[in-house]
Amino acid sequence: MDSCADEAVDLNESGEADDKNSVTTKRYLWRQIFVSSGVWSIYFVLGLGFGAPTVMIPQIRREANSTDAVTESMASWLTSVHGYSALPWVFVIPVLTRYIGRKIPFTIICIVTLVSFLLFYFSTNTTHLLISAIMQGMLLASNMTLLVVIVTEYSSPKYRGVFMIFESTVFFWGVWVANATGAFSHWKNIGYIAFVCSLYPLTVVFWPESPYWLAMKGRFEECAASHHWLKGYDKDSQCELETLIDSQKQYIKMCAENKRNVAGNRVKFIYETISTKAFYMPMFISVVVMSMYHFSGKLVCTMYAMDLINQITGSNITSSYGMLIMDIITIVDLLQVD
């Protein structure tokens, strides 16, 4: 009887331990979701910015009862200027990310986004809208640089893939919401929604700094504290932390050795780095995937959906519904990939 009682006690203790581990695991998962959701909000806002010109331009022309209200030249700039204004930030943001961390550049992006959509909402002419779109170029550049880094560094490997795929889905949800808002209400409501959604990422003030950046700077105690806050103390987390610290110690040592070398050897080191398969293969795959997206005409169809369908059907109502159906198909396809 005593042995049975002991076994029962052991089973109860084991069950309680499992429950505690489950609660602890969920706590760290929610912390990673808390950080990642700030990034997802920015992706959603980016989708709103991309979808806005599709419904905004036809509505402005209808209100003015003239196509001159938004000239063909201005319409082209409003739909494409994001890409041009993003170019300098593609180079600036990675530099900021490397030297001052992840939180400060992300905070700057949030503030610029808020200002851009305030200008969008209170705009009185197309010049104001163009300036707003130019400011959103920083947001687009962060999509290709900082935002991916944050989700990658702040999430555990087992959740990382799901979080990354969810980013793309959220972007197209933003496009759909912008198109639906502009189809059934005034286009300025898009700016109101974007402004409200841009407030949530300011929770960045409650984030810890990235453990990867702290390790890169040699601040290993702060790195461990940040890593534990995000991912806990389990075996996988500890293994990831040890690997991170060891690799960064080797990297710091290698950088110190390279500083002693002459400039010619430094150029040789850079050439050897970019010529390795580990560098150029991911780059090649990324270029191929992005080229497929752009050359397929998907971006053009997203931006000019109403105009294209209206040219075929001659009906504003049909073009609005057709545009929304196209967006829904895109979202459903992404969910199937998930």
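Anything mentioned here points back to the structure above.
What counts and how
- Residues numbered from 1 in each chain as written.
- Predicted model: local features only at pLDDT ≥ 70, side-chain atom pairs only at ≥ 80, totals over all residues.
- Heavy atoms only, no water.
- Helix = DSSP H or I, 4+ residues; strand = E, 2+ residues; numbered from the N terminus.
- Buried < 20%, exposed > 50% of the residue type's maximum accessible area, 1.4 Å probe, protein only.
- Axes fitted to C-alpha atoms, helices over the stretch in contact; angles between N-to-C directions.
- Parallel < 35°, antiparallel > 145°, perpendicular 65-115°, else oblique.
- Contact = heavy atoms within 4.5 Å.
- Nonpolar A, V, L, I, M, F, W, Y, C, P; charged D, E, K, R; others polar.
- Core = buried A, V, L, I, M, F, W, Y, C linked by side-chain atoms within 4.5 Å.
- 1 Å grid on protein atoms, 1.4 Å probe; cavity = no way out; pocket = protein on both sides within 12 Å on 5 of 7 lines; lining within 4 Å.
- Points joined across faces, edges and corners; volume = space filled by probe spheres on them.
- Salt bridge = Lys/Arg side-chain N within 4 Å of Asp/Glu carboxyl O.

### Things to note about the overall build of the chain
Consideration 1: Within the chain, the secondary structure is distributed over 16 helices and 0 strands.
Consideration 2: Put simply, the chain has 338 residues, and 41% of those count as buried.

### Considering unusual backbone geometry
Consideration 1: For Asn65, which is not glycine, the phi dihedral falls at a positive 55 degrees.
Consideration 2: In this fold, Asn65 is placed in the loop between helix H1 (2–64) and helix H2 (72–100).

### So, the packing of H2 against helix H3 (residues 103–121)
Consideration 1: Where H2 contacts H3, the axes come no closer than 8 Å and their chain directions differ by 135 degrees. With respect to each other, H2 and H3 are oriented oblique. Judged by residue contacts, Ile93, Leu96, Thr97 and Ile100 of H2 engage Ile104, Pro105 and Ile109 from H3.
Consideration 2: Here the residues of the contact of H2 with H3 are counted per class, giving 6 nonpolar, 1 polar and no charged.

### A closer look at the environment of His82
Consideration 1: Among the secondary structure elements, His82 is positioned in helix H2.
Consideration 2: The class for His82 is buried, based on a relative accessible area of 2%.
Consideration 3: Taking C-alpha positions, His82 is 4.5 Å from Gly137, a pair spaced 55 residues apart along the chain.
Consideration 4: The residues touching His82, leaving out its near neighbours within four places in the chain, are Gly49, Ala133, Gln136, Gly137 and Leu140.

### Focus on the nonpolar core
Consideration 1: In this structure, Val39, Met56, Leu78, Phe106, Phe120, Ile150 and Trp207 are the most contacted members of the largest nonpolar core, which totals 60 residues.
Consideration 2: Top contributing element to this core by residue count: H1, with 15 residues.
Consideration 3: In contact with Met56, not counting residues within four places along its chain, are Leu78, Phe120, Leu129 and Trp187.
Consideration 4: Within the second largest apolar cluster, 9 residues are counted, among which are Leu214, Met216, Cys223 and Ile245.

### What to know about the side chain of Arg61
Consideration 1: Structurally, Arg61 is set in helix H1.
Consideration 2: Filtering out sequence-adjacent residues up to four positions away, Arg61 remains in contact with Ser66, Thr67, Ala69, Val70, Thr71, Glu72 and Ala75.

### Topic: empty space enclosed by the protein
Consideration 1: The full count for this structure, using the stated rule, is 1 cavity of 30 Å³ or more.
Consideration 2: The volume enclosed by the largest cavity comes to roughly 70 Å³.
Consideration 3: Surrounding the largest cavity, Gly49, Ala52, Pro53, Met56, Leu78, His82, Phe120, Leu129, Ser132, Ala133 and Gln136 form its lining.
Consideration 4: Those elements that place two or more of their residues in the lining of the largest cavity are H1, H2 and helix H4 (126–135).
Consideration 5: Looking at which element gives the most residues to the lining of the largest cavity, the answer is H1, with 4 residues.
Consideration 6: Residues that form the lining of the largest cavity fall into these classes: 7 nonpolar, 4 polar and no charged.

### Focus: the pattern of salt bridges
Consideration 1: The tally for this structure, following the rule as stated, stands at 5 salt bridges.
Consideration 2: Among the salt bridges present, the one from Arg102 reaches Glu153, with a minimum N-O distance of 2.7 Å. Within this pair, whereas Arg102 is found in the loop between H2 and H3, its partner Glu153 is found in helix H6 (residues 146–154), the two being separated by 51 residues in sequence.
Consideration 3: Using a relative accessible area of 10% as the deciding quantity, one classes Glu153 as buried.
Consideration 4: Across the pair Arg160 and Glu240 runs a salt bridge whose closest N-O atoms are separated by 3.7 Å. Placement of Arg160 in helix H7 (residues 157–184) and of Glu240 in helix H11 (residues 235–260) is noted, with a sequence separation of 80 residues between them.
Consideration 5: Taking relative accessible area as the criterion, Glu240 reaches 15% and is therefore assigned buried.
Consideration 6: Shared partners join several salt bridges into a network, and the residues in it are Arg160, Lys231 and Glu240.

What is shown is where atoms sit, not what they do.
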